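# Remarks on the overall topology
Spelled out from the first residue to the last, the chains are:
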Amino acid sequence: MKADVILGLQWGDEGKGKIVDCLAPDYEIIARFQGGPNAGHTLEFEGNKHILHQIPSGIFRPHTKNLVGNGVVLDPVIFKNELDKLSPFGINLKKSLFVSKKAQLILPSHRLLDACYEKSKGDNKIGSTLKGIGPTYQDKIARLGIRVGDIISADFEKKYRDLVDQHEKILKSYGFEYDLPEVEKPFFEAINFFKTLNLVDTEYLVNNSLKVNKKVLAEGAQGSLLDIDFGSYPFVTSSNTTTPGVCTGLGVAPSRIGKVYGIFKAYCTRVGSGPFPTELEDATGDKLREEGHEFGSTTGRPRRCGWLDLPALKYAIMINGVTDLIMMKVDVLNAFDTFSVCTHYELSDGTITDQMPYDLCEEEIKPVLKHFKGWNQSLESCEDFDSFPKALIDYVHYLETELEAPIRIISAGPDRRQTIFR
Ligand code: GDP
Ligand code: IMO
Ligand code: MG
């Protein structure tokens, strides 16, 4: 058996949480492989809305094992809060949640450093979620980080103090004001709680399951255009959000990757700073935000909105080796008489291309738009693909031709039920 993957093709918030929850009953294991509490994955069912930050989106499905892989950076305080919120649902954590001993710990001082670096950047700030993601991955790569497995070792406190001493030197050199004791107390409480969880070598769990033909689904966080290598650098996150991240973040060999589901919205959004070629800074952008309730699941910030960007989508499909597409939030376009799609970029020297330029930040890109007539009707009564309005069916066929991949799932509302499988 091979591991399937589901990941975002845009700048995050494509609807990964909803679809992972929908697909989870078909899988034995749902595994996060990168990112951390910068993610906010929303699930809606039975009239309730749940936002998960670090816990995989299979957690509400009985019989599903949820794994947090070695590629993830974990904040124990946020993790404990998330689990506290889940306690009314009677989830058996011993059976359904497993955390890699090799995952890196986000310390309170990593969060302070994130805020300190952002402050020092002034107008050039990344727009980080301030969850300490960048500084934690920085320490991992510098071989200074503390891993989940270290919390049970006798010298954990010493390792912690040594690293925090280094962080304090940096914070002081920036003249950054902070109150460490205040944030350390909940951290050590959460560490004690963490010791009661299943802390394991998740790479064995994943590979042993595949060996006996059990199905594994890797759940991406963020989106491909926020990838540290292929995203709009430096306005990116600090991990590989693309398919290769599954190999390094879970210990799955490249030859064991199966289907790659690429998920995208029928339009585009972005939170935080950085280039966004199809952004609409006008009433149409505001309307997309209102209709799509586009406010961050993690920070509550308004999301920037714009039309679907085919050059960027084609790039993400190429990098990820996407086999199947999932299109989200088509219902948001119900309210539009017409809508547009960017087919090409016009560069400052007049070149028209559907390839991504080296540096999106440097290029003055003018999107070349193709306009579509909307369907202007509710999709509530549509129970299958054929019952969709003709304008929507035509739009899906157009995208499949352009993107050279089949659109297998179409989502027409936030609830589990509002999902059309083809
Ligand atoms: P994720 O980070 O990729 O899991 O996405 P988020 O949860 O951050 O953002 C997606 C938002 O869109 C959430 O509020 C979902 O409840 C909502 N959503 C998901 N699918 C649909 C859909 O098809 N239509 C509408 N209107 N909302 C959706
Ligand atoms: P999900 O999984 C949307 C963005 C931040 C910022 C940049 C770097 O819900 O799709 P970081 O805190 O990672 O250092 O921030 O990345 N960002 C996201 N945007 N969805 C996310 O996750 C994101 N995680 C990070 O806004 O621009
Ligand atoms: Mg999100």
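This report concerns the structure included in the present document. Starting from 1, residues in each chain are numbered consecutively following that chain's sequence as written. Each chain is given a letter, starting from A, and each ligand a number, starting from 1, according to the order in which they appear as written. Whole-chain, interface and lining totals are the exception, using all residues; otherwise, since this is a predicted model, local features are given only for residues with pLDDT of at least 70 and side-chain atom pairs are given and counted only at 80 or more. Only hydrogens and water are set aside when side-chain values are computed; all heavy atoms of the structure are taken into account.

Definition of nearness: a residue and a molecule or strand are near each other if at least one heavy atom of the residue lies within 4 Å of the molecule or strand. Looking at ligand 1, there are 20 residues lining it, with K16, T42, S297, D331 and S411 nearest. For the purposes of these results, a polar contact is taken to be a pair of N or O atoms within 3.5 Å, where, inside protein, one atom must be able to donate a hydrogen and its partner to accept one; residues adjacent in sequence count only when each atom of the pair is a side-chain atom. D13 places a polar side-chain atom, nitrogen or oxygen, 3.0 Å from an oxygen atom of ligand 1. Contact between ligand 1 and G413: an oxygen atom at 2.9 Å from a main-chain N or O atom of the residue. What sets the accessible areas is the Shrake-Rupley method with a 1.4 Å probe; for residues, cover comes only from the shown protein chains. Relative to its free-state accessible area of 580 Å², ligand 1 is covered by the protein chains to the extent of 94%. Taken together, the elements giving at least two residues each to the shell around ligand 1 come down to α1 (16-23) and β3 (41-45). The residue inventory of the shell around ligand 1, partitioned by class, reads four nonpolar, eight polar and eight charged. Strands here are runs of E lasting at least two residues and helices are runs of H or I lasting at least four, both read from the DSSP assignment and numbered beginning at the N terminus. Throughout this entry, Asp, Glu, Lys and Arg are counted as charged residues, while Ala, Val, Leu, Ile, Met, Phe, Trp, Tyr, Cys and Pro are counted as nonpolar. The remaining residues, Gly among them, count as polar.

Another point: the packing of aromatic side chains. Note on aromatic contacts: the rings of Phe and Tyr and the six-membered ring of Trp form a pair at centre separations within 6.5 Å, being stacked when their planes are under 30 degrees apart, edge-to-face when over 60 apart, and tilted otherwise. Across all of its chains, the model carries 17 aromatic pairs by this definition. Both rings, one in F156 and one in F188, keep their centres 6.5 Å apart while their planes meet at 70°; by these two values the pair is edge-to-face. Of the two residues, F156 is situated in helix α6 (residues 156-173) and F188 in helix α7 (residues 180-194); the sequence distance between them amounts to 32 residues. Among the aromatic side chains, those forming a connected cluster through ring pairs are F339, F372, W375, Y395 and Y398. Geometrically, a lysine NZ or arginine CZ counts as sitting over a ring once it is within 6 Å of the ring centre and also within 35 degrees of the ring normal. Sitting over the ring of F45, R416 keeps its end group 3.7 Å from the ring centre.

It is worth spelling out the site of ligand 2 at this point. Ligand 2 sits among 21 residues. The nearest are D13, K16, H41, T129 and T237. S128 is positioned such that a nitrogen or oxygen atom in its side chain is 3.5 Å from an oxygen atom of ligand 2. Relative to its unbound accessible area of 550 Å², ligand 2 is 97% covered by the protein chains. In terms of residue class, the shell around ligand 2 is made up of eight nonpolar, 10 polar and three charged.

Bridging between β3 and strand β4 (residues 48-52) involves five bridges; their strand directions are antiparallel. Opposite E44, over in β4, you have K49 as the bridge partner. For two strands to be treated as a pair, DSSP must find at least two bridges joining them. Between the end of β3 and the start of β4, which pair antiparallel, lie two residues, with E46 showing a positive phi angle near 50°.

A word on the coordination of the magnesium ion (ligand 3). Note: metal donors comprise N, O and S atoms at 2.8 Å or less from the metal (3.2 Å for Na, K and Ca); water molecules are not included, so apparent gaps in a site are possible. Those donors, D13 (OD) and G40 (O), are the protein atoms that reach the magnesium ion (ligand 3), and they lie 2.1 to 2.2 Å from it. With D13 in the loop between β1 (3-8) and α1 and G40 in the loop between β2 (29-32) and β3, this residue pair connects regions lying 27 residues apart in the sequence.

Okay, the sheet that holds strand β7 (residues 97-100) next. The 10 strands are arranged β9-β7-β5-β2-β10-β1-β11-β15-β19-β20 in an open sheet whose pairing can be described as mixed. Among the strands making up the open sheet, the edge pair consists of β9 (198-200) and β20 (419-421). In this sheet, neighbouring strand axes are inclined to one another by 20° on average, regardless of whether the strands run parallel or antiparallel. Inspection of the sheet shows β1 paired to strand β10 (residues 216-223) by five bridges, in the parallel sense. Bridge pairing links A3 to V216 in β10. What counts as an axis is a line fitted to C-alpha atoms, over the stretch in contact for a helix, and the angles between N-to-C directions run from 0 to 180 degrees.

This is a description of form; function is not addressed.
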